[in-house]
Structure formats: structure tokens, C-alpha cells
Amino acid sequence: LRNDIPRRVVPVGTLNVSQRAKQLVMESLDNNRLSYGPMMQRFESEFAHLHGCRAGIMSNSGTSSLQVALQAMKELHGWCDGDEVIVPSVTFVGTANIVLHNRMVPVLVDVEPTYYELDARLLESRITSRTRAIIPVHLFGHPAEMNAIGEVASHHGLKIIEDSAETMFASYQGRPVGSLGDIGCFSTYAAHILVTGVGGLSITNDLEYAVRMRSIINHGRDSIYISIDDDKGKPDDELRMIVGKRFSFVSVGHSFRATEIEGALGLAQLEEWEAMINARRANASSLSERLASLQEHLQLPQIRPGSEHSFMMFPIVLRHASKNQLVDFLELHGVETRDMLPLTNQPVYRSLLRWREEDYPVAHWINESGFYVGCHQDLTESDLEYIAELIDHFFQRNR
Ligand SMILES: Cc1ncc(COP(=O)(O)O)c(C=O)c1O
């Protein structure tokens with residue numbers, strides 16, 4: 001490290017619990033309310049409306065939200081064990097795992113070399129008579145190519161679950177992510193865009209899906225009694241019916257519930273989403289500008305025409321070399337990095353699914369050469385300058 005660059009720590013994520021968040025959390029505690037209630041209900045509905053959907057359902061993780069989305073579809077459409085679901089070759093393991101947890105088969109499609117998202121041109125070749133759904137993933141804050149994916153899906157009668165765990169408040173052709181398929185799923189886990197500790201949301205315009213997902217999150221309980229308020233203030237006839245069904249279960253469900261505390265944290269952050277996303281976009285522009293002279297070495301994030309990016313992270317792919325030395329150099333100097341979501345080379349799938357990395361050349365390149373650094377709202381210009389200076393120094397040194 002050059003002596004004139006003082007070492008600093010630049011984390012990939014941030015947490016800054018505001019006074020407003022503390023106030024809403026205290027309100028839940030003062031109301032003696034932890035189970036599904038007014039905070040979560042407001043968070044769900046405001047988040048869903050902001051993303052162009054009628055219904056939002058909060059669970060304890062993005063993975064749970066994806067899992068119940070697929071289970072709801074499987075149950076309502078009568079899909080079978082062993083039916084297939086298409087997943088991109090670059091995503092977090094949760095996207096593929098939820099297919100397996102639903103006793104279905106994840107079928108991979110390689111990703112686009114520019115945006116790292118499901119390559120719609122390769123979709124047709126992977127569709128069989130058992131394909132039921134596609135899970136496009138909006139990676140790092142950037143929307144997948146939804147028009148082309150939607151065309152293939154409607155041609156073959158396939159459903160779409162958007163894995164938008166990493167992308168909120170971004171649009172594709174003027175429409176918000178999460179409203180572009182049949183169900184959209186988000187994560188509010190640490191280092192994501194909204195952060196509630198643990199948490200996930202499924203949003204949809206299909207109320208049948210919404211009711212079924214809510215039930216599955218609650219052990220598969222009959223939807224007549226989900227919140228502890230559902231039997232309050234009812235006329236006698238209705239109350240008798242609710243009492244009769246309060247312990248009635250219609251699906252093999254899960255215990256995937258979140259609490260009012262996560263709801264309160266989400267609600268408070270939702271009030272500040274525009275400032276947060278603007279800061280992320282400004283950070284991304286600043287970093288891109290600072291790294292522009294290294295474009296012969298680095299592929300920097302690009303934005304699909306007609307799309308917006310919300311920059312959960314700032315992905316970088318080395319054009320001609322492995323990432324290892326650069327990543328080690330950054331980490332040793334305090335800049336946190338993460339791999340760009342390797343899937344095809346994971347030990348867990350080796351004997352289970354027998355994916356061969358050479359069949360997914362773009363994923364293979366990204367696994368070898370792609371990583372990301374933070375882009376969050378609490379980074380300063382000095383943090384961004386530090387990242388860029390280090391990267392520049394690395395290439396000068398290795399010239
Ligand atoms: C693309 C993608 N899908 C799903 C998930 C799972 O979200 P969670 O960690 O909330 O279960 C993540 C989480 O990081 C993700 O990046």
C-alpha cells in the first residue's frame with residue numbers, strides 16, 4: 001500500500017437505525033404487540049403499492065418469500081414433484097434451493113455477459129414439457145430483461161416469480177420490479193436495500209396467490225384466522241365460524257412468520273427510500289467515473305436501456321484475469337468484497353444436480369473474475385476515492 005493512502009474499512013453493507021425506526025419499534029413494544037399486526041400490515045401494503053402490486057406478504061426471509069411463492073403456485077396449479085423451474089446460472093443459492101425444497105428441479109440458463117442476468121435468448125432451449133415456471137433474478141439492484149422473458153413464458157404458459165431479493169425501487173420500461181411477473185419476492189436481510197435484520201416480502205396482483213402465500217407462511221392455516229385480531233369484534237355468527245376454523249390447516253405450511261419489530265423497521269426505512277436510492281445511484285456514478293480509465297481491465301456496471309438501477313452493490317468483473325489477486329489486495333486494505341454469486345461450482349450441487357460449469361461459460365467467467373464492493377448510502381466520497389485509488393494502484397503495480 002502506498003504510504004499516502006491511509007487504511008480505512010469500507011463495508012459492503014450498512015445499518016443505521018434512525019430515531020424514527022426506534023420510535024416505531026417502541027410503539028410496537030408499548031402496544032405489547034409482536035405478532036402480525038398494524039406495523040407489518042402497513043409495511044406490506046405501502047411496499048406493495050410502491051412496487052405496483054395490490055398485495056404484499058411479509059415473511060422471515062427472502063428465501064421464505066420465494067419458497068412460499070413457488071409452493072402457492074404448485075398447489076394452486078396442481079404441479080407435480082419433479083416438474084422443472086428455470087433459474088439463472090448466476091444467483092444466490094436460495095433461488096435454486098427453494099425449487100428443491102418444493103421437490104421440483106432447478107434447470108439452469110446461462111446469463112447475459114453485460115448485465116449478468118438470465119439470458120432470454122437461451123430460454124427456449126431449456127424448456128421441456130415439464131417446465132412450469134421461470135425465476136428471473138434482478139441482480140445487484142438491476143432489472144432482468146423482463147419483456148423477452150415474459151414473451152417466452154406466455155408462449156409456453158409458464159409462470160414467472162421475480163427474485164428481486166437484491167433489487168427494490170427500480171423499474172423496467174417504466175414498471176416497478178416485482179410487478180413484472182406473477183409474484184415478486186424481496187429480501188430485507190442485512191446489507192440489502194431496506195434492512196430489517198431478517199425479512200422478506202412477496203408481492204402480487206393475484207389475490208388467490210396472496211391468500212395462499214399468507215397461509216403457507218402461517219403453517220398452512222385457514223386464512224379466516226391469521227392475525228390475532230381476526231376474531232375480534234365479529235358478530236356472533238361470524239365468530240362461531242372463526243372459532244370452528246381457528247385451528248384448521250389447508251396446506252403443509254411453514255413457520256415463516258416475521259414480527260412487528262421487523263415490520264416497524266421496514267416501515268421507518270420506507271419513509272426514506274428516495275434519499276437512500278439517490279445516494280446509492282450517486283455513489284455508483286462516482287465510482288464508475290473514478291474507474292473509467294481502467295475499462296480495458298474491468299467491466300463496470302451498465303444499465304439496460306429503459307431500466308433504472310438501485311445499486312444494492314457495485315459489481316466489477318475483470319475482463320481478462322482471475323479476480324483473486326485484486327480481491328485479496330482490496331480485502332487486505334480494508335475494502336470488503338463478495339463473490340458475484342457463484343452457483344454452478346457449489347459443492348452442495350455437485351452430486352445432487354451434476355451441473356457442469358463448462359455448460360455455463362458466462363457464469364464460469366463471472367465465478368472466476370467477478371466480485372462486488374459496497375455502494376450503500378453511508379459510503380463517503382473518501383470511501384469511494386479509496387476504493388478507486390486502491391484498484392488503480394493494483395493495476396499500476398501489476399502492469
Ligand atoms: C438473489 C437472492 N435471492 C434470494 C436471497 C435470499 O434472501 P434471504 O437471505 O433474505 O433469505 C438473496 C439474499 O441475499 C439473494 O441475493
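Predicted, not measured: the structure shown is a model, and the values here were computed from it. (Residues numbered from 1 in each chain as written. Predicted model: local features only at pLDDT ≥ 70, side-chain atom pairs only at ≥ 80, totals over all residues. Heavy atoms only, no water.)

(A) Highlighting the nonpolar core. In terms of nonpolar packing, the biggest core is built from 94 residues, with Phe47 and Ile149 touching the most fellow members. Apart from residues no more than four positions distant in its own chain, Ile149 is found in contact with Leu118, Ala120, Leu123, Ile134, Pro136, Ala144 and Ile160. By size, the runner-up hydrophobic cluster in this structure holds 29 residues, among which are Ala284, Val327, Tyr386 and Ala388. (Core = buried A, V, L, I, M, F, W, Y, C linked by side-chain atoms within 4.5 Å. Buried < 20%, exposed > 50% of the residue type's maximum accessible area, 1.4 Å probe, protein only. Contact = heavy atoms within 4.5 Å.)

(B) Structural context of the packing of helix α3 (residues 62-77) against helix α4 (residues 93-101). Running from N to C, α3 and α4 point in directions that differ by 40°, and their axes come no closer than 9 Å. As judged from the angle between their axes, α3 and α4 are oblique. In this structure, α3 crosses over α4, and the sense of that crossing is right-handed. Contact residues: Thr63, Leu66, Gln67 and Leu70 in α3; Gly94, Ile98, Val99 and His101 in α4. (Axes fitted to C-alpha atoms, helices over the stretch in contact; angles between N-to-C directions. Helix = DSSP H or I, 4+ residues; strand = E, 2+ residues; numbered from the N terminus. Parallel < 35°, antiparallel > 145°, perpendicular 65-115°, else oblique. Left-handed = near helix turned anticlockwise from the far one by under 90°.)

(C) Looking closely at the environment of Gly82. Within the secondary structure layout, Gly82 lies in the loop between α3 and β2 (84-88). Classification of Gly82 as partly exposed rests on a relative accessible area of 22%. The spacing of Gly82 and Thr131 is 49 residues in sequence and 9.6 Å in space, taken between C-alpha atoms. In contact with Gly82, other than residues within four places in its own chain, are Arg103, Met104, Val105 and Arg130.

(D) The arrangement of a nonpolar patch on the surface in detail. Residues Met26, Leu29 and Leu34 make up a contiguous nonpolar surface patch of roughly 270 Å² in combined accessible area. Its place among the elements puts Met26 in helix α1 (residues 19-30). The exposure class assigned to Met26 is partly exposed, which follows from its relative accessible area of 44%. (Patch = residues over 30% accessible without salt bridge, like charges linked within 9 Å, V, L, I, M, F, W, Y side chains within 5 Å. Areas by Shrake-Rupley, 256 points an atom, 1.4 Å probe, with all protein chains shown as cover. Salt bridge = Lys/Arg side-chain N within 4 Å of Asp/Glu carboxyl O.)

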